[in-house]
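Below, each chain spelled out in residue letters.
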Amino acid sequence: KKWLRNMVIGCTVPALLLLAGCGGSGGSAATSSPQTPATGIQERSIKAGIGLNEDHPEGQGLKKFAELVDQKSGGKLKVQPYYAAQLGDDKKMTEALQAGLQEITIPSTSPLVGDIKEYAVFDFPFIFNEEKEAHAVLDGPVGQKLLEKLPAHNLIGLGYWENGFRNLTNSKHPVAKAEDFKGLRIRTMQNQVHLAAFQALGANPSPMAFSEVFSALESRTVDGQENPLATIKSNKYNEVQGYLSLTKHVYTPFVFLVSKKFRDKLSEEERQILRDSAVEAGKYQRELNFSENQKALEDLKAAGMKANEVLAEEMARMQEVIKPVIDKFAKEIGEELVKEMYDEVAKVRK
Ligand code: KDG
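Residues numbered from 1 in each chain as written. Predicted model: local features only at pLDDT ≥ 70, side-chain atom pairs only at ≥ 80, totals over all residues. Heavy atoms only, no water.

**Student:** What am I meant to see in the site of the ligand here?
**Tutor:** Close to the ligand lie 13 residues, the nearest being G51, E58, D90, S108 and R187. A distance of 3.1 Å is found between an oxygen atom of the ligand and a side-chain nitrogen or oxygen belonging to N227. Relative to its free-state accessible area of 340 Å², the ligand is covered by the protein chains to the extent of 99%. Taking a 2 Å distance to the grid points as the criterion, the majority of the atoms of the ligand fall inside the largest cavity. Grouping the amino acids of the shell around the ligand by side-chain chemistry returns five nonpolar, four polar and four charged. (Near = heavy atom within 4 Å. Polar contact = N/O pair within 3.5 Å; in protein donor to acceptor, adjacent residues only side chain to side chain. Areas by Shrake-Rupley, 256 points an atom, 1.4 Å probe, with all protein chains shown as cover. 1 Å grid on protein atoms, 1.4 Å probe; cavity = no way out; pocket = protein on both sides within 12 Å on 5 of 7 lines; lining within 4 Å. Sits in = over half its atoms within 2 Å of the grid points. Nonpolar A, V, L, I, M, F, W, Y, C, P; charged D, E, K, R; others polar.)

Written as structure tokens, this is what we have:
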């Protein structure tokens, strides 16, 4: 039987033993299909993109992640970092993950709110006073619940890194009280809560992708923007903004995202390497972020920015103005989750 002989010759040895599974495909043992889960560690190239620069703590964290993955996989899993929005902004990269065209990104949670409305709890202004309060919520049940919403959107979340407390810069005047926001054209992230909060303060907010911010400030298309100090320094906003107001008005987390389409192809061993490395690099990133945010203030002042503090009673007045916005979004998100977050913060404060 010539056809049978040809077929047998076409099979590899393991496939020959499982003749039924040969099917003339050459059946390499390393090839995985949805029916046969991958095993071991394969050679893979992993594109990981962020919006911030390599010198920013997020860039340094990503570099650390790539090193850890390299070590843990014996050089087989190769993470290629792309900084400064080379692969696009948070929204675009997240969509690329969903389509399986990019493997990793670490965006602010704020632009995800269009897809997962519950993430807006982290956009409520003035809910955290210190980093450790935010960490308790993010690393606790509330943060976990939100990570569990990601797979339905073709994303896998491996935990939270830190963008941090945001402060306002502008080219017009110091902002020390609620009235000072009036009429300022401020770039915001693409997020409904941020938009509504700045509108409530009488500012004129315009949502914009991160990579467009510098030129919008330079051309005076907008008067100001808000970001953590490490970003203001790394992106050299001091060159186009004279005033830095320490409003600390909202804390933004980063969420470590992996494409679900990519993750589904990985073996358990490979998944574990990514999980462990994301957590380990995340600890490093948060520490670096904290120290860089402290240091950046001095550097920005030395570079000529006029910095001003905001008194606690003025912050309380800003909070008062924004309260209806928070109440409205709390209803939309689900008051139970919002309460859970406040309870968690209260526990840390005790
Ligand atoms: O890599 C993260 C950045 O893309 C972005 O999230 C920075 O906070 C940010 C902003 O203002 O867009």
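**Student:** Just to check I follow, could you spell out the layout of surface pockets for this structure?
**Tutor:** The method is simple in principle: a probe with the dimensions of a water molecule rolls over the atoms, and the space it marks as empty is what remains. What the largest pocket holds in volume is close to 340 Å³. Lining the largest pocket are 16 residues, and of these F165, N167, L229, K248 and Q294 lie nearest its centre. Listing elements by their share of the lining of the largest pocket, those giving two or more residues are β4 (155-170), β8 (243-259) and α12 (268-302). Broken down by element, the lining of the largest pocket gets its largest block of residues, four residues, from α12. Tallied by class, the residues present in the lining of the largest pocket amount to eight nonpolar, four polar and four charged. As a volume, the second largest pocket reaches approximately 280 Å³. (Points joined across faces, edges and corners; volume = space filled by probe spheres on them. Helix = DSSP H or I, 4+ residues; strand = E, 2+ residues; numbered from the N terminus.)

Scope: geometric values only; no functional claims are made or implied.
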